[in-house]
Amino acid sequence: MDRTDKRIVRFGEIMDMVKSYYPDADLDLIRAAYVYSARVHQGQTRMSGEPYLTHPVAVAAILAQMKLDEASVVTGLLHDTVEDTLTTFEDIERYFGTEIATLVDGVTKISKIAFQSKEERQAENFRKMILAMSRDIRVLLVKLADRLHNMRTLSHMPREAQIRISRETMEIYSPLAARLGIFWLRTTLEDLAFEYLEPDRYEFIQKRLEESVEEREEYVNKVLNIIGEKLEKENIKAITKGRNKDICSIHRKMLSQKLEFDQLHDLTAFRIILDSVSECYTVLGLIHALWRPVPGRFKDYLAMPKSNGYQSLHTTVIGPEGHRIEIQIRTHEMDLIAEEGIAAHWSYKEGRSVTPEDTRVVNWLRQMMEWQQDLEDPREFLENVRVDLYPDEVYVFTPRGDVKEFPRGSSPLDFAYSVHTEVGNSCIGARVNGKMVSLKYELVTGDTIEIITSAHQKPGKDWLKHVKTGRARTKIRHYLMSQEREKTIEIGRDSVERELRRWKIDLNRVEKDGGILKIAQEFNFKTELELYVAIGHGRQSAKAIVTKLVPQSEREQQKIIALEEKLKTPKRPTGKSGVKVQGLSDMLVHFAKCCNPLPGDPIQGFITRGRGVTIHKIDCVNLPDADPKRIVEASWDDDQSLVRTVKIGLISENKPGMLAAISGVFTSNDSNIIQANVVSFDETNARGTFLVGVRNVEHLTRIINALKKVKGVREVERRGTV
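Please read all numbers here as calculations on a predicted model, not as lab measurements.

What counts and how
- Residues numbered from 1 in each chain as written.
- Predicted model: local features only at pLDDT ≥ 70, side-chain atom pairs only at ≥ 80, totals over all residues.
- Heavy atoms only, no water.
- Helix = DSSP H or I, 4+ residues; strand = E, 2+ residues; numbered from the N terminus.
- Contact = heavy atoms within 4.5 Å.
- Areas by Shrake-Rupley, 256 points an atom, 1.4 Å probe, with all protein chains shown as cover.
- Pairing = 2+ DSSP bridges.
- Axes fitted to C-alpha atoms, helices over the stretch in contact; angles between N-to-C directions.
- Buried < 20%, exposed > 50% of the residue type's maximum accessible area, 1.4 Å probe, protein only.
- pLDDT = per-residue confidence, 0-100.
- Salt bridge = Lys/Arg side-chain N within 4 Å of Asp/Glu carboxyl O.

This part is about the overall build of the protein. Within the protein, the regular secondary structure consists of 29 helices and 20 strands. Contacts in the protein between residues at least 24 apart in sequence constitute 66% of all its contacts with a sequence separation of at least 6. Of the roughly 37,400 Å² of accessible surface on the protein, a fraction of 49% belongs to carbon and sulfur atoms.

Structural data, given as structure tokens:
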């Protein structure tokens, strides 16, 4: 295949090529596509001034040279009709069928991608996007043929366009050709792109190669003759080749090894192709007997194939005239795989590790080659070949043209949180390809996403159902937790403010004077907010805090006034529960197990049909969902001495005397142990559960704090009431 062929191809040549490898091809379909393309492109010209039709014909010829089926050749003839003429997808489908219309549509979609980012990761994402979009391998092959002809005729484009298109070719399309194993196409695209990206270097290397061409040919023939004579003497049949390295590859080697051109002596790679693996090792021994091997330059990829399946023996020896020569030794099958698409040459020459995705590509290519070897009809082979190499990822565009990768099933929320946390928190929807979608929309490879935000939007718990990325899930949960904390702070502060109001004390003034902070620190809290959180969660009593703020004389005076009022006012009926329920008397009272209220906790009652009143903590998570008409005000009856059973859990060291020390804490704090259960769960630790009687939150807090001070106690927590 002539890699530099820039001549105008005649349509008849295409027909001859297709007939030569596929006698049963539908030539009438190809002829009809040629006539249709000529008609819709009539009057259009290329930058060179040539009729536009010369381009689709050239692309079809490249596909025929690659021995593809007639559907691929037809797509080559029609690939620009939808994008550059008034032709529609429906027109192609009507005249040429769904299969070809789908192929043309796939090529059109890829052509519309604007490659703006130059970062290596972005380039790889673009390549993955194209693979994900090209569900049929023929779409990629047509696009690569299209790019090859465009590169061959790039000299007519403005310099700026030459650089942009060449960079795309080097970063996107050449690696794609390598990924599909089309080695000749990969190197051709690289050399064509390199000529425009680094014209001075290209011209320098090309000139030096031309100057030394006769010398190199003479040397190559000399080496091949020596090898041939040695193999013939040993009665070994083989094919020997000397392949000149491409200009871009030579440039890379000069850069990576910091060599000048004159210091390069392995501009030709020699290859020996044999019938069996055993012959490969025999010939390796013969080569090493002929010339001294270079230490550290031997690789056995027969015994240990590369992760991409590539197999060959590589050795570098000091050949005639003291020049280093690189020799590859492999079987015919291995050579076919390496040249025709299975070795994935890109993965071991580009100096990067092979990813699981890469391995999946190679395995797929190997399977594809096995299918091809069993089939003579290219239509049968290619008709239903699907790429679908990245089923678990989607690749979408930002409005600026960058590519972002997400797990399949991701939504606009995942995209929004990948931009910025605030963008995610305020996301109300998105425009996908210019159309409004909801937050539940699932992203599709190739989508362009634009997030719409509102200052009034806030994340909700249901958002967690519509996100796939860990970042989005973490950010949503963090917001919900912060909102819950703010709500708890508000409840705790309100409780303190209510208590202070009884003493005609302004909470704002006390906060400003530092009084709340001082008391918070006395109770081992760093800030007022931590204190309010503890009160809001019921771990600290608001009354205990206020007691610290109100002078002793005022508290005594208030008690006298309260006693006098009590004597004047008829006693309000209360039950043995120790709870006063507003507007109700002689009511059966239960304590809610969901929040486990204790005396000192702010409480409310909920009228339960047939069961009296259930007492909840005022910040119980179940109250907001309750019927507000059945909620009644409730308070603890200070006149009754109520003892409630509380479960306390702790973890301590497993050593003699621990249980006695813990029991002593309950006794010294006037608390009766109703039940105790202590179990060793390893050699050094024990877990204990104690049911004890407490009077109120303050009493419980005092007990817990005392337990924490016992040497050997590691953790203490309130488990609830019983």
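As a further point, take the sheet that holds strand β14 (residues 603-608). Across the sheet, 5 strands lie side by side as β12-β16-β14-β15-β13; this open sheet has mixed pairing. Unpaired on one side and paired on the other, β12 (579-581) and β13 (589-591) mark the two borders of the sheet. Strand-to-strand twist of the sheet, defined as the mean angle between neighbouring strand axes without regard to direction, takes the value 35 degrees. Of the strand pairs in this sheet, β14 and strand β15 (residues 612-617) are connected by 6 bridges, and their pairing is antiparallel. Following the sheet pairing, Phe606 is matched in β15 by Thr614.

Our next topic: the sheet that holds strand β10 (residues 435-437). Spatially, the 3 strands line up as an open sheet ordered β10-β9-β11, and their pairing is antiparallel. Where the open sheet ends on each side, the last strands, each with one partner, are β10 and β11 (449-453). Pairs of neighbouring strands in the sheet enclose a mean axial angle of 35 degrees, with direction left out of account. Note that strand β9 (residues 427-432) and β11 share 5 bridges and pair antiparallel. Bridge pairing in β11 links Ala430 to Ile451.

Turning our attention to the pairing of β9. Direction of pairing for β9 relative to β10: antiparallel, over a ladder of 3 bridges. Of the residues in β10, the one forming a bridge with Arg431 is Met436.

Okay, the environment of Ala455 next. Tracing the backbone through its elements, the reader meets Ala455 in the loop between β11 and α22 (470-501). The exposure class of Ala455 is exposed, given its relative accessible area of 68%. Between the C-alpha atoms of Ala455 and Asn425, which are 30 residues apart in sequence, the distance is 9.2 Å.

Low-confidence regions, as indicated by low pLDDT, have predicted coordinates that should not be scrutinised in detail. When pLDDT is averaged across the protein, the result is 80; 81% of the residues are at 70 or more. Scored below 50 in pLDDT, residues 341-359 makes 44 contacts in the model with residues more than four places away or belonging to other chains. In the model, residues 566-575 has pLDDT below 50 throughout and makes 10 contacts with residues more than four positions away in sequence or in other chains.

Moving on, we come to unusual backbone geometry. One non-glycine residue, Asn433, lies in positive phi territory at about 55 degrees. Residue position: Asn433 is located in the loop between β9 and β10. What makes Asn433 partly exposed here is its relative accessible area of 49%. Phi is positive for Asn524, which is not a glycine, with a value near 65 degrees. Among the structural elements, Asn524 can be located in the loop between α24 (515-522) and α25 (528-536).

Right, let's get into the pattern of salt bridges. Summed over the entire model, instances satisfying the criterion amount to 16 salt bridges. For Asp513, the salt bridge goes to Arg509, with nearest N and O atoms at 3.7 Å. Placement of the pair is Asp513 and Arg509 together in helix α23 (residues 507-513), with a separation of 4 residues, close to one helical turn. Here the salt bridges do not stand alone but share partners, grouping Asp69, Glu99 and Arg138 into one network.

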